[in-house]
Amino acid sequence: MHIPSNKVRDIERYMLYELAAQYPEGEIRTFIRILFDAYLGWDTTQLLMHREESINQSDLLKFHWATEALKQRRPIQHIVGWADFCGLRIKVTPDTLIPRPETEEIVEWIIKNKTNRQHIIDLCTGSGCIAIALKQRIREADIWAMDISEKALRVAQENAQTHNTGIHFLQGDLLKPGTWRPLHESQQTPCTFDLIVSNPPYIREAERAAMDANVKDYEPALALFVPDSDPLRFYRAIAEFAQQHLSDEGTIVAEINEALGSETIQLFEKYGFATTIHEDFRGNPRMLEAEKS
Ligand SMILES: C[S@@+](CC[C@H](N)C(=O)[O-])C[C@H]1O[C@@H](n2cnc3c(N)ncnc32)[C@H](O)[C@@H]1O
């Protein structure tokens with residue numbers, strides 16, 4: 001079907017028709033809302049008010065190309081270039097994971113339960129979403145954020161600037177602590193942190209086949225996958241880092257693979273941490289909380 005006219009309601013009709021075979025109607029309506037927000041700056045009310053109006057030809061073309069990209073299962077966040085996270089617009093690119101609602105819940109949990117933390121480090125920061133959302137809400141905290149990917153860190157720095165949050169960035173390999181370096185030489189990294197937060201890669205290669213094309217074909221493999229032979233490698237590195245750098249009253253908060261809850265608890269207990277798992281909004285074991293026992 002061609003877009004019948006430049007009218008807003010015809011664009012809606014066109015997208016609902018073109019994408020019906022691939023997405024449920026509710027999801028297509030969400031895409032429509034996001035695209036009108038991105039291309040015309042309209043919120044949901046404005047979208048309703050302008051349904052009988054026409055848009056210009058160049059904007060119309062953007063809706064056409066976005067619909068084609070959605071047919072290829074390209075994530076909507078890559079099409080518009082951002083994702084909403086804890087009320088913030090976070091830039092995302094193919095080099096950064098798209099922040100997930102489960103991770104928002106972890107940030108909300110920290111804000112509700114651990115706002116007295118002064119020195120915080122976000123390991124595997126990606127787009128910087130966790131560090132930036134925490135800094136927005138705990139203004140007095142000093143926050144560090146590390147990642148192996150220089151491209152992701154560039155996006156994270158841009159996000160930190162956009163949201164006027166002073167985050168100290170480190171580049172390095174979590175599995176090789178000796179490799180870490182501050183992005184700005186003058187920064188002194190503290191010896192201990194009272195909150196270590198992380199959403200590291202945790203999906204086993206064996207789980208790849210069951211994943212949606214819009215994740216496995218478009219999101220960075222580096223951000224997602226771990227070898228089947230050692231799926232907890234990042235949690236071991238976090239526990240080892242925490243043994244050295246977590247303050248006595250400090251807390252580790254990490255997102256985990258729901259299928260590996262008990263193995264992850266065992267690992268942290270082996271390193272001497274008292275560990276609790278919290279469920280996410282879907283009822284899946286998703287968030288690990290650990291403290292020195
Ligand atoms: C699951 S993503 C999380 C991104 C972001 N924190 C979030 O919650 O949306 C994992 C991140 O770990 C980073 N990463 C992968 N291997 C790493 C390593 N060896 N050391 C440090 N970071 C690594 C990836 O670049 C990616 O940004």
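In case you missed it, the structure is sitting above this.
Residues numbered from 1 in each chain as written. Predicted model: local features only at pLDDT ≥ 70, side-chain atom pairs only at ≥ 80, totals over all residues.

Visitor: Can you explain the packing of helix α2 (residues 25-40) against helix α4 (residues 57-71)? Please cite residues and give values.
Guide: Contact geometry for α2 and α4: axes closest at 11 Å, N-to-C directions at 140 degrees. It follows from the interaxial angle that α2 and α4 lie oblique. Seen from above, α2 lies across α4 with right-handed handedness. Judged by residue contacts, F31, L35, Y39 and L40 of α2 engage D59, K62, F63, A66 and L70 from α4. Here the residues of the contact of α2 with α4 are counted per class, giving seven nonpolar, no polar and two charged. (Axes fitted to C-alpha atoms, helices over the stretch in contact; angles between N-to-C directions. Helix = DSSP H or I, 4+ residues; strand = E, 2+ residues; numbered from the N terminus. Parallel < 35°, antiparallel > 145°, perpendicular 65-115°, else oblique. Left-handed = near helix turned anticlockwise from the far one by under 90°. Contact = placed C-beta atoms within 7 Å. Nonpolar A, V, L, I, M, F, W, Y, C, P; charged D, E, K, R; others polar.)

Visitor: Explain the packing of helix α1 (residues 8-19) against α2 to me, and be specific about the residues and the numbers.
Guide: One way to put it is that α1 packs onto α2 with a least axis distance of 10 Å and a crossing angle of 135 degrees. As summarised for this structure, α1 and α2 are arranged oblique, according to the angle between their axes. Judged by the sense of rotation from one axis to the other, the crossing of α1 with α2 is right-handed. Contact residues: E12, M15, L16 and L19 in α1; E25, I28, F31 and I32 in α2. For the contact of α1 with α2, a count of residues per class yields six nonpolar, no polar and two charged.

Visitor: Could you give an account of the pairing of strand β10 (residues 246-255), naming the residues involved and the relevant values?
Guide: Of all the 10 residues making up β10, seven are buried; the element is thus mostly covered by neighbouring parts of the structure. In this sheet, β10 lies alongside strand β7 (residues 193-198) in parallel orientation, the contact comprising five bridges. Note on β10: the bridge partner recorded for S198 is A254. Looking at chain direction, β10 and strand β12 (residues 285-292) are connected through five bridges and run antiparallel. (Buried ≥ 20, exposed ≤ 12 C-beta atoms within 10 Å, placed from the backbone. Pairing = 2+ DSSP bridges.)

Visitor: Residue-level account of the environment of L195, with values.
Guide: Residue placement: L195 occurs in strand β7. Sequence spacing of L195 and I138 is 57 residues, and the spatial spacing of their C-alpha atoms is 12 Å. When sequence neighbours within four positions are dropped, the list of residues in contact with L195 reads I110, K114, R117, I120, G250, T251 and V253.

Visitor: Quick one: what's the story with the nonpolar core, residue by residue and with numbers?
Guide: Counting residues in hydrophobic clusters, the biggest one holds 58 residues, and the most contacted among them are A133, L134, A145, I196, I238, I252 and V253. Ignoring any residue separated from it by four or fewer positions in sequence, one finds A133 in contact with F85, C86, L88 and V107. Core analysis: the second largest hydrophobic core is formed by 12 residues, M15, F31, F36 and L70 among them. (Core = buried A, V, L, I, M, F, W, Y, C linked by C-beta atoms within 7 Å.)

Visitor: Can you break down the sheet that holds strand β11 (residues 273-279) residue by residue, with the values?
Guide: Pairing is mixed across the open sheet formed by eight strands, whose spatial order is β6-β5-β4-β3-β7-β10-β12-β11. What marks the edges here is a single partner per strand, and that holds for β6 (176-182) and β11. Here the strands of the sheet are splayed against their neighbours by 20 degrees on average, with no regard to which way each runs. Sheet strands touched by helix α7 (residues 129-137): β3 (119-123), β4 (142-147), β5 (167-173) and β7. Its angle to β4, the strand with the most contacts, is close to 175 degrees.

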